[in-house]
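Observations on the three-dimensional arrangement
Below, each chain spelled out in residue letters.
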Amino acid sequence: MAQHGPRLVVPIDVTKKSREQKLPLHNRWHPDIPPVAEVRVGEVFRVEMVDFSGGGITKEYTAEDIKFSDQSVKKPWEQKLPLHNRWHPDIPPVATVKTGQVFRIEMVDWTGGAIKDDNSASDIKYIDLSTVHYLSGPIRVVDEDGPAKAGDLLAVEICNLGPLPGDEWGFTAIFDRENGGGFLTDHFPCATKAIWYFEGIYAYSPHIPGVRFPGLTHPGIIGTAPSMELLNIWNERERELEENGLKSLKLCEVLHSRPLANLPSTKGCLLGKIEEGSREWEKMATEAARTIPGRENGGNCDIKNLSRGSKIYLPVFVEGANFSTGDMHFSQGDGEVSFCGAIEMSGFLELKCEIIRGGMKEYLTPMGPTRLHVNPIFEIGPVEPRFSEWLVFEGISVDESGRQHYLDASVAYKRAVLNAIDYLSKFGYSKEQVGMETFVVKVYLLLSCCPCEGRISGIVDAPNAVATLAIPTAIFDQDIRPKPNKVPIGPRVVRNPDIPRCTYDGKLPITKNPSAIGS
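Each value, and the rule that gives it
- Residues numbered from 1 in each chain as written.
- Predicted model: local features only at pLDDT ≥ 70, side-chain atom pairs only at ≥ 80, totals over all residues.
- Heavy atoms only, no water.
- Helix = DSSP H or I, 4+ residues; strand = E, 2+ residues; numbered from the N terminus.
- Rg over C-alpha atoms; globule rule 2.2 N^0.38 Å.
- Buried < 20%, exposed > 50% of the residue type's maximum accessible area, 1.4 Å probe, protein only.
- Contact = heavy atoms within 4.5 Å.
- Areas by Shrake-Rupley, 256 points an atom, 1.4 Å probe, with all protein chains shown as cover.
- Pairing = 2+ DSSP bridges.
- Axes fitted to C-alpha atoms, helices over the stretch in contact; angles between N-to-C directions.
- Disulfide = S-S within 2.5 Å.
- Core = buried A, V, L, I, M, F, W, Y, C linked by side-chain atoms within 4.5 Å.
- Salt bridge = Lys/Arg side-chain N within 4 Å of Asp/Glu carboxyl O.
- Expected span 1.5 Å × (residues − 1).
- Bend = angle between axes of the 7 residues up to and from the residue.
- Lys, Arg positive; Asp, Glu negative; His and termini not counted.
- Polar contact = N/O pair within 3.5 Å; in protein donor to acceptor, adjacent residues only side chain to side chain.

In the annotation of an unreviewed UniProt entry, the entry for the protein chain reads Formamidase, and the organism field reads Ambrosia artemisiifolia.

**Digging into the overall build of the protein chain**
Across its full length, the protein chain holds seven helices and 26 strands. Rg of the C-alpha trace for the protein chain: 24 Å, near the compact-globule value of 24 Å for 519 residues, within the 12% margin. Seen through its C-alpha atoms, the protein chain measures out along the principal axes to roughly 70 × 65 × 45 Å. The buried share of the protein chain, taken over its 519 residues, is 52%. Expressed as a percentage of contacts within the protein chain between residues at least 6 apart in sequence, the contacts between residues at least 24 apart total 79%. Surface accessibility of the protein chain: about 25000 Å² in total, with carbon and sulfur atoms responsible for 53%.

**As for the sheet that holds strand β17 (residues 311-315)**
Across a sheet, paired strands are connected by hydrogen bonds in the backbone, their directions being either parallel or antiparallel. In spatial order, the strands read β5-β20-β8-β17-β21; together these five strands make up an open sheet with antiparallel pairing. A single partner strand is all that each edge strand has here, and the edge strands are β5 (103-107) and β21 (377-379). For this sheet, the mean inter-axis angle between neighbouring strands, taken without regard to orientation, is 30 degrees. Here strand β8 (residues 153-162) pairs with strand β20 (residues 347-356) via nine bridges, running antiparallel. Counted as the bridge partner of Glu 157 is Lys 352 from β20.

**Describing the state of the cysteines**
Scanning the entire structure with this criterion turns up zero disulfides. With no disulfide of its own, Cys 502 has Cys 190 as its nearest cysteine by sulfur position, at a separation of 8.3 Å.

**Considering the nonpolar core**
Counting 73 residues, the largest nonpolar core has Leu 154, Trp 196, Phe 213, Phe 323, Ile 421, Leu 469 and Ile 471 as its most contacted members. The greatest single-element share of this core, amounting to nine residues, is contributed by helix α5 (residues 409-425). Excluding its chain neighbours within four sequence positions, the residues that come into contact with Phe 323 are Phe 103, Ile 105, Gly 137, Pro 138, Ile 139, Val 141, Leu 154, Ile 222, Gly 223, Thr 224, Leu 351 and Cys 353. Formed by 18 residues, the second largest nonpolar core is a distinct cluster that contains Trp 87, Leu 230, Tyr 313 and Leu 372.

**As for the pattern of salt bridges**
The tally for this structure, following the rule as stated, stands at 26 salt bridges. Measuring nitrogen to oxygen at the nearest pair gives 4.0 Å for the salt bridge that ties Lys 267 to Asp 128. With a gap of 139 residues between them, Lys 267 in the loop between α2 (228-248) and α3 (279-285) and Asp 128 in the loop between α1 (122-125) and β6 (135-143) connect regions that are remote in the sequence. Of the charged contacts in the structure, one is a salt bridge between Glu 229 and Arg 371, with a shortest N-O distance of 3.4 Å. Of this pair, Glu 229 sits in helix α2 while Arg 371 is found in the loop between α4 (359-363) and β21, placing the two residues 142 residues apart along the sequence. The class for Glu 229 is partly exposed, based on a relative accessible area of 37%. Since its relative accessible area comes to 55%, Arg 371 is described here as exposed.

**Side note on α2**
A rise of 1.5 Å per residue sets the reference length of α2, with its 21 residues, at 30 Å; its end C-alpha atoms lie 29 Å apart and thus fit the reference within 8%. When the local axis directions of α2 are compared, the greatest deviation, roughly 45 degrees, occurs at Glu 242.

**Focus on the sheet that holds strand β25 (residues 453-458)**
Taken together, the three strands give an open sheet; going across it, the order is β22-β26-β25, and neighbouring strands pair in antiparallel fashion. Two strands close off the open sheet at either side, each with one partner strand: β22 (390-396) and β25. Adjacent strand axes in the sheet meet at a mean angle of 25 degrees, parallel and antiparallel pairs treated alike. As paired strands, β22 and strand β26 (residues 466-472) are joined by seven bridges and run antiparallel to one another. Across the sheet, the residue bridging to Phe 393 is Leu 469, located in β26. Across the face of the sheet, α5 comes into contact with β22, β25 and β26 while running at roughly 135 degrees to β22.

**Concerning the side chain of Glu 336**
Take Glu 336: it is sitting in the loop between β18 (323-329) and β19 (339-344). Buried and without a salt bridge, Glu 336 has Lys 304 as its closest oppositely charged side chain, separated by 12 Å. From its side chain, Glu 336 meets the backbone nitrogen of Ala 342 in a polar contact 3.2 Å long.

**Remarks on the side chain of Ser 136**
Positionally, Ser 136 belongs in strand β6. Using a relative accessible area of 1% as the deciding quantity, one classes Ser 136 as buried. Among the polar contacts listed, one links the side chain of Ser 136 to the backbone oxygen of Glu 106, at a separation of 2.8 Å.

In structure tokens, the structure reads:
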């Protein structure tokens, strides 16, 4: 288990003057100024500093923080301000903020600390998914005219974000096919885990050596509370899908994650300030929507570009908006294909809100039978990693058996991801032999969490949809482009091939590509 964060800190006490600091400051360059600390090469260390005036410039306005206790130590149900893991209009807000006010929300990782920094994937295999996602909030938003009202737009600006200090690590995982699965669960049914450590903006993993990349940190979930009318719409349509989808949807023969929808359940239900077991809790728990999919309120959209400087325009369905957030990601690839596929972490957001009165009618056109069938608008911020060279893999809507599908972008994207996985496995990133079966789980995990770009490139030229997956070549420690000579094997990968992984004990068939290498 690694130590998280800097091993050495050169501290600053902001309550003291420059000349009063424990480790003295200086304001000149001279060869004989003595050092205040010593570090070793390769060691991550932290240097704190005053502003250039040494605190001479005073502040006239202070942003009020909303603190959510020490999320990295206490369990979700032990937090001073209680968390929740469902959407329901009657979950009480834990705080109120004014528009224009900068405030801070801290949050646990989406599993509430169930996944550990260790070399075992048992916590992934046996995780209780009825408890996820743990969200911080709800937050009630008001301006000079009062609380936000149904029909308004809530503009939420991300001013700053990051991992919680002292908890600078994360994980990427593949769930067992019988307990969560993922986009390629029919190919990769075994629970698997990779641990990542953060060095500033960069992430590296001892389980996936040979890669290092800057993260585009973002919240996977940010959304407003639904009205009771909208909640009933969700539950009705998702229940119909769960009950009849397997009989009516051909796509279920190609994409194998189950269940098709996660319906309301009292098991694992956490409703903030509502006391578990009370009459109110019993009623709400049977109605409250799971947080797993994105919906009209925003929610679990997993848009990797919602980082510093981004703005989210969320429809308001209840008084106060009551927005919540969670599921912090250090980095994620488009699609988050392994399901637990970002670099999941605890973290914080510093936000600022604005209420656009009547904004839903003004800016959002319903795409459905009611005025509630709308979707948020997202404004991407200006801060992103810069990559100049990409290797792009194409997929078409023909499945692994060779069967043609009609303009199906999901099948096309699955094919693009499989093409990328099989290609990168040629470079040693990494083939794993288990008996006679070959799994390329490290590549699958990598493509789920690295800053790769997914696109729908063609959706009109029948019968094939075309999807692409672009991978930045700079994240690898070797040249992965096709060349005339033989494919090299990355020595770092060969030296450390192990990854925490469990066996698959189920009996569902595993999909194989008969033409793939190693088959």
